[in-house]
Amino acid sequence: MPNNADHPMSETRTSALAVPFLGVLASLQLIDPVVANTALVKASQALEMHGATLALAAGISTLAQAATVLLMGFLGDRLERRRVLMATLLLSIAGDGIALAAPNANLFLLGRALAGIAVGGVLVLSFAAVRCVSRPNRLGKALGVWNLLILAGLIAGSLLGGVLADSSWRLALGLVPLIALLSLPLLPSLLPEMPANPELRADWRGLVSIGGAMVLFLSGVSHAVNGLTSPEFLVPTLSGVVLFGVHGLIEQRRQQPIFPISLYQRGCFSAAIVSGIAFNFAWAVVQLQTSNFWQLVQRYSTGQVALAQLPLLLSAGVGVVVAGRVMRPGRRITQLVAAGMASLVIGLLLFGLVRADSSYSSLGFAMVLVGIGLGLISVPQAALFVQEAPPGSLGSVTAFRTTTGQLGFALGFASSGAMVNGFGFASLRDRMLQLGSTPVQSHQLESLLREALSGGGLSQHSGAASNAIQVMSEAYASGLAGTMVGVAVIVGLLGAIGLLLLVIGHRQQRL
């Protein structure tokens, strides 16, 4: 259980703006990839990035973050969290500064990798800092405010980034460094010095092994759309799984592992992991596939897609506020997670009713339910990581929340694309047979749909007849509907496992 060393502000005053400020800082981890991906279209043209280079540019910040996020948590514990947080803001300015000024692809990739390391560090350090600047009896409310400001920052940052990207991709990449630069002078006045433990020693074998496992696994699942039997998917994914196993063996034999292996035996810690994977899995699927549906099928512009997702984000904010106000240790956490999972699953099932001609309003209730579910889950899930963190390992344990979140998000991102592919192609073949098309024509349409799923638009293929585009639109919508039902089942199973683990965890606490 936490002690006063973990809550340095228990007996001293701190700024009322400390937690909202930490939330704004943490939002940089979400704003940065959104803005960068929006700017990447024009950046790739200017810097002549194609094929594998373009794919690397889209994912290099995530991979760099996955490899270093636990290290950032450790550094916060050992060197003093406020000092390391300032260093990560400076690194963010340098990284995106290099990218926006890059005259070639190599420097762009270097800048984006440094930016990924930086914003990942900002997230995990700000998360751990919430516990340090909050009174123990108000931690739930503080985490609610923190999550709410993350969502608010994401909404404002993504909309502003989209506007800037329309003018200049270099200007758009300057948004995150600007926010970081404005935050630097505020940080010493709003955040106190936090406990540091210079006696901690780095578990380099553990850090390197889990970082390598994350990079390999995420690289592999990003190619799931190519097929689950493709070498691009199988080799790195299986290598990552093996390295996860190696990491476990290393940690079992270490006297000072990244954090105690015994935590995995605690029901509440395992529940935090499972619910975090479910949360990020669902978030990735809904965010990606609704964007694709509106762009590929209903011809929305990038700006319209950003506005269309506002109900999802605003509803998540409502869920966060409710969870922050009512959360208490024990049974209340279980009730919030259960309510969030139920709302999430029902919303996903409603998305399963989508059709090619579905109006935006017909998806509104599904977006609201999914958003509320995500919000209700996020606060207790974050609180579980904080609650289970032993003294001296706060940074490493809370950083692991980001690691599990990346796994869930990557699995949702990749598997949903593969599922839409599978369901959509099956539907496409049936529809084309009904129209009397030849096998060659069906194959050509499959190729067009694959291209669209890889980032194009169904309406961009001037060589395709309007009826063929209509068939592809219907096939994609059919694939999306099947995917959402499948995802609802997966999330429901993960939710049931998480709730069972919570029950076990509460029993362990009473022993």
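Rules behind the numbers
Residues numbered from 1 in each chain as written. Predicted model: local features only at pLDDT ≥ 70, side-chain atom pairs only at ≥ 80, totals over all residues. Heavy atoms only, no water. Patch = residues over 30% accessible without salt bridge, like charges linked within 9 Å, V, L, I, M, F, W, Y side chains within 5 Å. Areas by Shrake-Rupley, 256 points an atom, 1.4 Å probe, with all protein chains shown as cover. Salt bridge = Lys/Arg side-chain N within 4 Å of Asp/Glu carboxyl O. Lys, Arg positive; Asp, Glu negative; His and termini not counted. Charge placed at Lys NZ, Arg CZ, Asp CG, Glu CD. Helix = DSSP H or I, 4+ residues; strand = E, 2+ residues; numbered from the N terminus. Buried < 20%, exposed > 50% of the residue type's maximum accessible area, 1.4 Å probe, protein only. pLDDT = per-residue confidence, 0-100. Contact = heavy atoms within 4.5 Å. Axes fitted to C-alpha atoms, helices over the stretch in contact; angles between N-to-C directions. Parallel < 35°, antiparallel > 145°, perpendicular 65-115°, else oblique. Left-handed = near helix turned anticlockwise from the far one by under 90°. 1 Å grid on protein atoms, 1.4 Å probe; cavity = no way out; pocket = protein on both sides within 12 Å on 5 of 7 lines; lining within 4 Å. Points joined across faces, edges and corners; volume = space filled by probe spheres on them. Nonpolar A, V, L, I, M, F, W, Y, C, P; charged D, E, K, R; others polar. Phe/Tyr/Trp six-rings, centres within 6.5 Å; stacked < 30°, edge-to-face > 60°. Polar contact = N/O pair within 3.5 Å; in protein donor to acceptor, adjacent residues only side chain to side chain.

**Q** What's the story with a positive patch on the surface in this structure? I'm lost.
**A** Together, Arg-135, Arg-138, Lys-141 and Arg-325 make up a positively charged patch on the protein surface. Mapped onto the secondary structure, Arg-138 falls in the loop between α5 (105–133) and α6 (139–167). For Arg-138, a relative accessible area of 45% translates into the label partly exposed.

**Q** Looking at this structure, I do not really get the confidence of the model for the protein. What am I missing?
**A** The predicted coordinates of low-pLDDT regions are not to be read in fine detail. Considering every residue of the protein, the mean pLDDT works out to 84; 86% of them sit at 70 or more. Within the protein, no element has a lower average pLDDT than helix α18 (residues 439–453), which sits at 56, and none a higher one than helix α8 (residues 175–183), at 96. Note on residues 1–12: pLDDT under 50 across the span, and 24 contacts to partners over four residues away in sequence or across chains. Across residues 453–465, confidence stays below pLDDT 50; counting only partners more than four residues off in sequence or on other chains, it has 22 contacts.

**Q** Please explain the pattern of salt bridges as it appears in this structure.
**A** Counted according to the given criterion, the structure contains six salt bridges. Of the charged contacts, one joins Arg-81 and Asp-77 as a salt bridge, the two residues approaching to 2.5 Å between their closest N and O atoms. Across this residue pair, the class does not change: Arg-81 and Asp-77 are buried. With a closest N to O distance of 3.6 Å, Glu-193 and Arg-82 form a salt bridge. On the criterion of sequence distance, the pair formed by Glu-193 in the loop between α9 (187–190) and α10 (204–221) and Arg-82 in helix α4 (residues 81–101) is long-range, its members being 111 residues apart.

**Q** So what exactly am I meant to see when it comes to the packing of helix α1 (residues 18–26) against α6 here?
**A** The angle between the axes and the distance between the axes are what describe a pair of packed helices. Two numbers describe how α1 lies on α6: the axes approach to 7 Å, and their chain directions differ by 40°. Here α1 lies oblique to α6, going by the angle between them. The two elements α1 and α6 meet at a crossing, and its hand is right-handed. In this structure, α1 uses Val-19, Pro-20, Leu-22, Gly-23, Val-24 and Ala-26 to contact α6, whose residues at the interface are Ala-142, Val-145, Trp-146, Leu-149 and Ile-150.

**Q** What is the right way to read empty space enclosed by the protein from this model?
**A** A probe matching the size of a water molecule, rolled over the atoms, marks out where space remains unfilled. Inspection of the entire model under this criterion finds three cavities of 30 Å³ or more. Roughly 50 Å³ of internal volume is contained in the largest cavity. As for the largest cavity, its lining consists of Pro-33, Ala-36, Asn-37, Leu-40, Ala-57, Ala-58, Ser-61, Phe-108 and Arg-112. Secondary structure elements with two or more residues in the lining of the largest cavity: α2 (28–46), α3 (51–79) and α5. For the lining of the largest cavity, the leading source of residues is α2, giving four residues. Residue composition of the lining of the largest cavity, by class: six nonpolar, two polar and one charged. Counted as a void, the second largest cavity has a volume near 30 Å³. At the level of elements, α3 and α10 are the ones that each hand at least two residues to the lining of the second largest cavity. When residues of the lining of the second largest cavity are assigned to their parent elements, the largest contribution, six residues, is made by α3. Among the residues making up the lining of the second largest cavity, the classes are represented as eight nonpolar, three polar and no charged.

**Q** Help me understand the packing of aromatic side chains, please; the structure alone is not making it clear to me.
**A** Each aromatic ring pair is described using two quantities: the centre-to-centre distance and the angle formed by the ring planes. Applying the stated criterion to the full structure yields 10 aromatic pairs. Where Phe-217 meets Phe-244, the ring centres are 6.2 Å apart and the plane angle is 65°; that geometry is what we call edge-to-face. One end of the pair, Phe-217, is in helix α10; the other, Phe-244, is in helix α11 (residues 231–253), and 27 residues separate them in sequence. According to the relative accessible area criterion, Phe-217 is buried, its value standing at 12%. Overall, the relative accessible area of 23% leaves Phe-244 in the partly exposed class. Relative to Trp-283, the ring of Phe-279 has its centre 6.2 Å away and its plane inclined at 20°; by these criteria the two rings are stacked. Of this pair, Phe-279 and Trp-283 are both found in helix α12 (residues 267–297), four residues apart, which corresponds to roughly one turn of the helix. Given the relative accessible area of 16%, Phe-279 is considered buried. Take Trp-283: its relative accessible area is 10%, and that puts it in the buried class.

**Q** It is not clear to me how the side chain of Ser-378 should be interpreted in this structure. Could you clarify?
**A** Assignment of secondary structure puts Ser-378 in helix α16 (residues 364–388). Of note is the side chain of Ser-378, whose polar atom sits 3.1 Å from the backbone oxygen of Gly-375. Here Ser-378 is in contact with Asn-147, Phe-279, Val-320 and Arg-401, once residues within four sequence places are set aside.

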